[in-house]
Amino acid sequence: MDVSDIRYLQIIYVIMNETNSERETLSHYEFRQLILDSLERCGFAVRIYDEGVFLYTVDHKVLIYFPEFDKNYAVGKAFLHYALTHCVLPIHIGYVIPNKTGACIIRIELPDLYT
């Protein structure tokens, strides 16, 4: 499987690094919009996959999930794994991006079942 998602990671990391001091004061909605708007400004197509659970696609290649502030990493990772295995799009890579003080991004890649 071709995993050429380094640009997504770089952009998200830069955004999170540059906003480190203000992220604590951002609401869940503001934080999510900051990441998504920045990806769109970089030319990526960001689409809502499931607004009810804050699940988005980037260029129809990557799922990004924004868990609620009080959710722990294991819950976010489990949900994203479930979303990836039940996604109708051919997506194999996902990210959990929590709004915490540190720049923590969890990445999940499903195995390629066709090799």
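Everything quoted here is computed from the prediction, not taken from an experiment.

(A) Fine view of the overall build of the chain. Across its full length, the chain carries 3 helices and 5 strands. Listing the helices and strands of the chain from first to last along the sequence gives α-α-β-β-β-α-β-β. Relative to its 115 residues, the chain shows a buried fraction of 39%. Accessible surface, the chain as shown: approximately 6700 Å² in total, 54% of it carbon and sulfur.

(B) Looking closely at helix α2 (residues 28–41). End to end, α2 covers 20 Å across 14 residues, agreeing with the expected 20 Å (1.5 Å per residue, within 8%). Considered for burial, the residues of α2 that qualify are H28, F31, R32, I35, L36, S38 and L39. All buried residues of α2 fall inside an arc of 160° around its axis, so they share one side. Buried positions along α2 lie against α1 (6–18), β1 (46–50), β2 (55–58) and β3 (62–65). Following α2 by one or two positions, G43 adopts a phi angle in the positive range, close to 95°.

(C) Highlighting the sheet that holds strand β5 (residues 106–109). Sheet architecture is open: 5 strands sit in the order β1-β2-β3-β4-β5, paired in mixed fashion. Taken across any chain shown, the strands that pair with only one partner, and hence form the sheet edges, are β1 and β5. Neighbour-to-neighbour, the strand axes of the sheet open up by a mean angle of 25°, direction not taken into account. Looking at chain direction, β3 and strand β4 (residues 93–96) are connected through 4 bridges and run parallel.

(D) Region of the structure containing the side chain of S38. Relative to the assigned elements, S38 resides in helix α2. Residues contacting S38, with those up to four places away along its chain left out, are I15 and Q33.

(E) Broad picture of helix α3 (residues 73–86). With 14 residues, α3 extends 20 Å from end C-alpha to end C-alpha; this agrees with the ideal 20 Å at 1.5 Å per step. Taken residue by residue, α3 has G76, L80, A83 and L84 as its buried positions. Relative to the axis of α3, the buried residues are bounded by an arc of 95° and lie together on one face. Buried residues belonging to α3 abut β2, β3, β4 and β5.

(F) Representation of the side chain of T57 in the model. Relative to the elements of secondary structure, T57 occurs in strand β2. Setting aside residues no more than four positions away along its own chain, T57 makes contact with A45, V46, R47, Y49, V62, L63, L89 and I91.

(G) A look at unusual backbone geometry. The backbone phi angle of F54 is positive, close to 60°, even though this residue is not glycine. Even without glycine at this site, H60 takes up a positive phi of about 55°. Note on placement: H60 falls in the loop between β2 and β3. Judged by its relative accessible area of 46%, H60 is partly exposed.

Here is what the cut-offs are and how they apply
Residues numbered from 1 in each chain as written. Predicted model: local features only at pLDDT ≥ 70, side-chain atom pairs only at ≥ 80, totals over all residues. Heavy atoms only, no water. Helix = DSSP H or I, 4+ residues; strand = E, 2+ residues; numbered from the N terminus. Buried < 20%, exposed > 50% of the residue type's maximum accessible area, 1.4 Å probe, protein only. Areas by Shrake-Rupley, 256 points an atom, 1.4 Å probe, with all protein chains shown as cover. Expected span 1.5 Å × (residues − 1). Arc of directions from axis to C-beta. Contact = heavy atoms within 4.5 Å. Pairing = 2+ DSSP bridges. Axes fitted to C-alpha atoms, helices over the stretch in contact; angles between N-to-C directions.

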